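Given next are the chains, with one letter for each unit.
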Amino acid sequence: MATSVTFPSEDQNFFASVVRFVPGVLLLAAIGFAGKVLEQSINGYAKAHHLVIPNIEYVLWAIAIGLLIANTVTIPKIFIPGIATYEFWLKAGIVLLGARFVVGDVLKLGGISIALVVLEISGSLFLMTVLGRLFNLKPKLTSLLAVGSAVCGVSAIIAAKGAIDADDEDSSFAIAAILALGAIALVTFPLIGHALHLSDNAYGLWSGLAVDNTAEATAAGALYSDVAGKVAVLAKTTRNATIGFVVLGYAIYWASRGQAEKVKNKGAFLWEKFPKFVLGFLVISLLVSVHVFNKEQVGALANLSRWAFLLTFAGVGLRTNFREMAKQGVRPFIVGALGEVLIASLTLGLVVAANAIWKL
Amino acid sequence: MSEDNKIATAATRLGLSLDVWALITAFLLALLVRVGVLKHVPW
């Protein structure tokens, strides 16, 4: 995917290391802003000329511009460190998104999400393990694909890689498969959602449960509607919170077979793997619920969250390089694709059932 | 090592994980909004 980046050495100061990120962050901002301008300009033109054209959200424009750049030109190295900060913006955006949920919403939708996440994770781990064996994939590659599809994509694969002592090659395969399938989900999920006339809440829940990488899950939700986007983040965040438990399970399994180091302190392991931004999301939501922020301030926080996501969406496009993904081979991708179709079907069934019971 | 992983490692070398940096940034922004330094954020 991207070319290599050198780290600030011990003698480089904090300021110098931060400056390295500036060009790439500016590129993310420029692409995201261009997406926003394109959406507004096209809508304005259509309105002025009384044309009826489908509204293409800034989310899709930002991703599409990023994809176009990443797959047609070689991105200069100076931009690479900043582009890779998209995950930082995603996490900061999720914390600030807490402002758009009062605690009651979090408890209701979060409670439903927890129930569905348990079923989704169990089903995903089982399906991916069976498919990996059927297609004769290496056992640790199968474990990485299972963790990536069950919990939270790239972050889970990176966490599991260290814990089960997997090869770099296996993790590259698994990451490429998860990212390629995430890109496909960006196109297919909104189409399926509209075809099935899913409500914003139901669709958001489905995206958060079925799309593996947090950035893609957020984008897939936002492509449907603003409300679907925030529900997708809530469901996905619930999934992310389980990362420590699933990775710990795999670490213990591989250690018992003598193929990974034993986990000495399970509590410390769980805390280390726990995504801290989930706590931040809950804290902001709680502060908003007890009226620490007034209405205008809540609006400001929500808009800051949108700007952070805008940078994330540009980054999703920029880091998706299909040529690099194709180099990783087709078998892990086929296993991943088959698994994802089954998981998407399973989670869609769960969401439709939940909708019938709780009227999402 | 992927680019994402490298950024996460770089963040850790600065003493904190990427998660915690994101958390600090978000809380700092929320504080600026609360005390009125950031009054209006357009969208």
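Cut-offs applied
Residues numbered from 1 in each chain as written. Chains lettered and ligands numbered in written order. Predicted model: local features only at pLDDT ≥ 70, side-chain atom pairs only at ≥ 80, totals over all residues. Helix = DSSP H or I, 4+ residues; strand = E, 2+ residues; numbered from the N terminus. Buried ≥ 20, exposed ≤ 12 C-beta atoms within 10 Å, placed from the backbone. Rg over C-alpha atoms; globule rule 2.2 N^0.38 Å. Contact = placed C-beta atoms within 7 Å. Core = buried A, V, L, I, M, F, W, Y, C linked by C-beta atoms within 7 Å. Axes fitted to C-alpha atoms, helices over the stretch in contact; angles between N-to-C directions. Parallel < 35°, antiparallel > 145°, perpendicular 65-115°, else oblique. Left-handed = near helix turned anticlockwise from the far one by under 90°. Nonpolar A, V, L, I, M, F, W, Y, C, P; charged D, E, K, R; others polar. pLDDT = per-residue confidence, 0-100.

Chemist: How should the overall build of chain B be read in this particular structure?
Modeler: Counting secondary structure elements, chain B contains two helices and zero strands. For chain B, the residues scored as buried account for 33% of the 43 residues in total.

Chemist: Whenever I open this one, the overall build of chain A confuses me. Can you help?
Modeler: Across its full length, chain A carries 18 helices and zero strands. On C-alpha atoms alone, chain A measures out to a radius of gyration of 20 Å, which is about the 21 Å that the 2.2 N^0.38 rule sets for 360 residues. Oriented by its inertia axes, the alpha-carbon framework of chain A measures out at about 65 × 55 × 45 Å. Restricting to contacts in chain A with at least 6 residues of sequence separation, those with at least 24 account for 81%.

Chemist: Sorry if this is basic, but what is going on with the nonpolar core here?
Modeler: In summary, soluble globular proteins display a tendency toward joint burial of nonpolar side chains. Formed by 130 residues in total, the largest nonpolar core has its most connected members in L96(A) and V147(A). In terms of residue count, the dominant contributor to this core is helix α9 (residues 168–195) of chain A (13 residues). Contact partners of L96(A), with chain neighbours within four places excluded, come to I284(A), L301(A), L304(A), S305(A), A308(A), A26(B), L29(B) and A30(B).

Chemist: I would appreciate a short explanation of the packing of helix α5 (residues 86–97) of chain A against helix α2 (residues 18–34) of chain B in the present structure.
Modeler: If you want to describe how two helices pack, look at the angle between their axes and the distance between the axes. The geometry of α5(A) relative to α2(B) is characterised by a closest axis approach of 8 Å and an angle of 50° between their N-to-C directions. On the basis of their axis angle, the class for α5(A) and α2(B) is oblique. For α5(A) against α2(B), the interelement crossing comes out right-handed. Across from E87(A), F88(A), K91(A), A92(A), V95(A) and L96(A) in α5(A), the residues of α2(B) making contact are L18(B), D19(B), W21(B), A22(B), L23(B), T25(B), A26(B), L29(B) and A30(B). A per-class count over the contact of α5(A) with α2(B) returns eleven nonpolar, one polar and three charged.

Chemist: What am I meant to see in the confidence of the model for chain A here?
Modeler: Where the model shows low pLDDT, its predicted coordinates should not be examined in detail. All names here are of chain A. Summary statistics for chain A give a mean pLDDT of 86 and a share of 96% for residues scoring 70 or more. Mean pLDDT across the secondary structure elements of chain A bottoms out at helix α17 (residues 322–326), with 77, and peaks at helix α10 (residues 200–210), with 94. Across residues 1–10, where pLDDT falls below 50, the model places 19 contacts with residues more than four positions away in sequence or in other chains.

Chemist: Sorry if this is basic, but what is going on with the environment of A241(A) here?
Modeler: All names here are of chain A. With respect to the secondary-structure elements, A241 resides in the loop between α12 (226–240) and α13 (243–256). Sequence-wise, A241 and A163 are 78 residues apart; in three dimensions their C-alpha atoms are separated by 17 Å. When residues no more than four places from it in sequence are discounted, the contact partners of A241 are P275 and V278.

Chemist: Honestly, helix α11 (residues 214–224) of chain A in this entry has me stumped. Any pointers?
Modeler: Taking burial as the measure, the eleven residues of α11(A) include eleven buried ones, the bulk of the element. When α11(A) is considered as a whole, its buried residues turn out to be T214(A), A215(A), E216(A), A217(A), T218(A), A219(A), A220(A), G221(A), A222(A), L223(A) and Y224(A).

Chemist: Is there a simple way to think about the environment of K236(A) in this case?
Modeler: Residue and element names in this part refer to chain A. Positionally, K236 belongs in helix α12. With 109 residues separating them in the primary sequence, K236 and L127 have C-alpha atoms 20 Å apart. When residues no more than four places from it in sequence are discounted, the contact partners of K236 are G208, T214, A217 and T218.

Chemist: For this particular structure, what's the right way to read the environment of E324(A)?
Modeler: Residues and elements named next belong to chain A. Structurally, E324 is set in helix α17. Judged by C-beta crowding, with 16 C-beta atoms within 10 Å, E324 ranks as partly exposed. Sequence separation between E324 and N71 is 253 residues; the distance between their C-alpha atoms is 9.5 Å.

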